[in-house]
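# Coordinates in review
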Amino acid sequence: MILDSLNSAQQEAVSAPLGHQLILAGAGSGKTRVLTHRIAWLVQREQISPLQIMAVTFTNKAANEMRTRIEHLLRVPAKTMWIGTFHGLSHRFLRAHWQEANLPQTFQILDSDDQLRMVRRVIHSLNLDEDRYPPKEARWFINAQKEEGRDPHQVIPHDMASQTYLNVYQAYQAACQRAGVIDFTDLLFKTCKLLQSNANLRQHYQERFRCILVDEFQDTNTIQYMWLKLFAGEANAVMIVGDDDQSIYGWRGARIENIHRFSNDFPGAKTIRLEQNYRSTGTILKAANALIAKNTGRLGKNLWTDDKDGEPITVYSGFNETDEAFFIVNRIRELRQTDYRLRDIAILYRSNAQSRVLEEALMQFGIPYRVYGGLRYFDRAEIKDALAYLRMLANPSDDSAFERIINTPTRGIGDRTVTAIREHAREANATLWQALLQLSGKQFFAARAHQSLEAFVNLIQSMSDKTQTMTLDKQVEYVLRASGLIEHYRKEKGEKGLTRLENLEELINAAHQFIQEGTPDDMPPLAAFLAYAALESSDEQANEHDDCVQLMTLHSAKGLEFPVVFLAGCEEELFPHYLCMHDPKALEEERRLCYVGMTRAEKKLFMTYAELRRMHGKEAYHKPSRFLHELPPELITEVRFRTKVSPRPMPIANSYKPEAEGKFRIGQEVQHRIFGDGTVLSLEGDGEDMKVKVRFAKVGTKTLIGSYLNPK
DNA sequence: CGGGAAAAGCTTTTT
DNA sequence: GCTTTTCCCG
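A short tour of the structure in this document, coming up. If you're wondering where the values come from, they're calculated on a predicted model, not measured in any experiment.

### Thoughts on the overall build of chain A
- Assigned secondary structure in chain A consists of 26 helices and 21 strands.
- For chain A, buried positions account for 54% of its 712 residues.
- Considering only intrachain contacts with a sequence separation of at least 6, the fraction spanning at least 24 residues in chain A is 74%.
- Working note: accessible area of chain A is about 32600 Å², and carbon and sulfur atoms make up 48% of it.

Shown next as structure tokens:
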């Protein structure tokens, strides 16, 4: 029953005997299906209780999807099951064992932004020069150490700079401990530390989880690997699923070697390959296979499909990035006339900066689109302000929240006053809130500052009193009004302020919805909500009803699929990126990124590049990406003609001025009385006012009025 | 404290 | 070059 509708490799994976398994799952080979069916198999055939199973993913989205599918398969709520992200499960663990982990019960989670502020504060308190020791570098150092599982005393500094960063690391940990906050990496780090040091707990968890499944294993880093080993112990069965060819997060510490290490550390691990692809046409797969074959040290895997070969891959050479964008937009307009909806189409690119030109072209033709990977809801400044007030209520020691709201909205507490509080806090070895309480009793400050501070103390204390018995959504609403945040953003003029107000209103709804769904743990609702905001700031997916073209980076496209994919910017320097080109390892990661991009496509794949592109302010000619040369020529159709500047775009409000018709088009050879021969780069406006940007052979690039130019 | 000017980035990103 | 952040002064 469970095995119905699975192919033989999938069946083998799902019904494998209890033991260690390494599932090499190619793109589109039904990886999630295997994971969920495996869990169903364990429960139904191996008589393993759902409570003895742990399933780990990287994103909340993947975890939620898995949970939903399992509930569907098993027809029981999977709420009590340990399905979640490394961070989410660690959080659950630390909430249950806060005492053993030496944390306050109300501990709060710092996101990377809060973390940076905290690090900056520590750097100042050590009297270090921020320019010589940039907080971002320090944060990177701290996270890197924790990701390798090293406490401050385990770090061996190699030079003066790393000695300094080590001091920062030490002071930072102390400051976090004092404030009762932990950062993202700490979730994993402290979980590992606790399991290592506490044999009872370790034994308890190792006896509990008889089966552990890990998704996207190629993305695990060192601490995650340690984490897995600690939970798995010697006796439990571990199934990992991954694809070395889709490892694209090496730059942030993912260790592809973990897949190789697995077979050594987990004896008897059996490797099963899922190579049948259910997503793409034969042509797309053949091309992707040929590309990835250029990489070395692969575990080896060849995707195949029962599907037809389908159409060849279209490669388009644009004159510049505008021309490239117009080609894409024109093709989208054609596709729209056929069976494709806009939401079937994705434009993928290497870096976010590329989206602007594409957006402008889409806008010009009135094609709805959506850019992914922007600022997430819970990361918005106004939301973080509001959450900081809530955090103060949950845990007044939270220095990072304190710093954020002490003068937001502005209440006459300037930098000087805050510095005084910080200094006192350091001397008294206290948190900022404690320091403030001590100082305000002593008439320490000038009269005006003292008054403002007193008002602030009263505000927080009265908020704390008044919200005591309220439901979560009422608490949020009360805090928004009492803090003056609503008023503050109401004053902000323009559309921006309005959006912010809407976002704040939405926070009340979010809180309401949160309690409706029921808090998962035995935590107070406010604490649970704050953890949710920090840990599960859900990436907003496109509304089912929204029909728009999807724009995103190659990285964020991983795990998704689209009938039509445009892979833009396939040029040397951009893709592969110039920072990666001289490191063979990094170059292979770029190639994997290209592989990931290509294998997102189901039916049609377009790969485009621009001969001339404006990058970092300068215009530069780039060769077509080496990845294009690595594709078998017989699978490609090259489109050589330049896009004719197209029929009039739809007249829509706020649309950009349409490109001029008639006299000039992009790429055209032209002549000027003084400047000589040149090529048209871009057009703006029309009629007499038309401005034409031309690159002249002798004098470089100039923008001039069209009437001074003659077609050649 | 807010607005404008100067300066600093500038690959990819989840938790 | 363009956008975001920081700085400085009224």
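On we go from here.
### Some words on the sheet that holds strand β2 (residues 53–57)
- The sheet built from six strands is open, its strands ordered β3-β2-β6-β7-β1-β8 with parallel pairing. In the strand order of this sheet, the two ends are held by β3 (82–85) and β8 (270–274), each with one partner. Put simply, the sheet's adjacent strands are angled 15 degrees from each other on average, direction ignored.
- Sheet topology places β2 next to strand β6 (residues 211–214); four bridges connect them, and they run parallel. Opposite Ala-55, over in β6, you have Leu-213 as the bridge partner.
- The sheet strands contacting helix α4 (residues 86–96) are β2, β3 and β6, and the helix crosses β3 at an angle near 120 degrees.

### A look at the packing of helix α9 (residues 199–208) against helix α10 (residues 222–232)
- Between α9 and α10, whose axes approach to 7 Å, the crossing angle comes to 80 degrees. With respect to their mutual orientation, α9 and α10 come out roughly perpendicular. The residues of α10 that touch α9, namely those facing Arg-202, Tyr-205 and Gln-206, are Lys-229, Leu-230, Phe-231 and Ala-232.
- Looking at side-chain class alone, the contact of α9 with α10 contains four nonpolar, one polar and two charged residues.

### A closer look at the packing of aromatic side chains
- Tallying each qualifying case throughout the model produces 30 aromatic pairs.
- Ring geometry for Tyr-225 against Phe-266: centres 6.4 Å apart, planes inclined by 85 degrees, an arrangement best described as edge-to-face. Here the residue Tyr-225 occupies a position in helix α10, and Phe-266 occupies one in the loop between α11 (257–265) and β8, the gap between them amounting to 41 residues. By the burial criterion, Tyr-225 is buried, and Phe-266 matches it.
- Ring geometry for Phe-575 and Phe-627: centres 5.3 Å apart, planes at 70 degrees, overall edge-to-face. Here the residue Phe-575 occupies a position in the loop between β13 (562–567) and α25 (584–598), and Phe-627 occupies one in helix α26 (residues 626–629), the gap between them amounting to 52 residues. In this structure, Phe-575 and Phe-627 share a single accessibility class: buried.
- Here the aromatic residues Phe-58, Trp-82, Phe-86, Phe-93, Tyr-205, Phe-209, Trp-227 and Phe-231 are joined through ring pairs into a cluster of three or more.
- The positively charged end of Arg-95 is found above the aromatic ring belonging to Phe-107, 3.8 Å away from the centroid.

### Here we look at the environment of Arg-273
- The residue Arg-273 is located in strand β8 in this model.
- What makes Arg-273 partly exposed here is its relative accessible area of 33%.
- Placed 44 residues apart in sequence, Arg-273 and Lys-229 show a C-alpha to C-alpha distance of 23 Å.
- The residues touching Arg-273, leaving out its near neighbours within four places in the chain, are Ala-9, Leu-24, Leu-299, Gly-300 and Lys-301.
- Within polar-contact distance, the side chain of Arg-273 engages the backbone oxygen of Leu-299 at 2.7 Å.

The rules behind each value
Residues numbered from 1 in each chain as written. Chains lettered and ligands numbered in written order. Predicted model: local features only at pLDDT ≥ 70, side-chain atom pairs only at ≥ 80, totals over all residues. Heavy atoms only, no water. Helix = DSSP H or I, 4+ residues; strand = E, 2+ residues; numbered from the N terminus. Buried < 20%, exposed > 50% of the residue type's maximum accessible area, 1.4 Å probe, protein only. Contact = heavy atoms within 4.5 Å. Areas by Shrake-Rupley, 256 points an atom, 1.4 Å probe, with all protein chains shown as cover. Pairing = 2+ DSSP bridges. Axes fitted to C-alpha atoms, helices over the stretch in contact; angles between N-to-C directions. Parallel < 35°, antiparallel > 145°, perpendicular 65-115°, else oblique. Nonpolar A, V, L, I, M, F, W, Y, C, P; charged D, E, K, R; others polar. Phe/Tyr/Trp six-rings, centres within 6.5 Å; stacked < 30°, edge-to-face > 60°. Lys NZ or Arg CZ within 6 Å of the ring centre and 35° of its normal. Polar contact = N/O pair within 3.5 Å; in protein donor to acceptor, adjacent residues only side chain to side chain.

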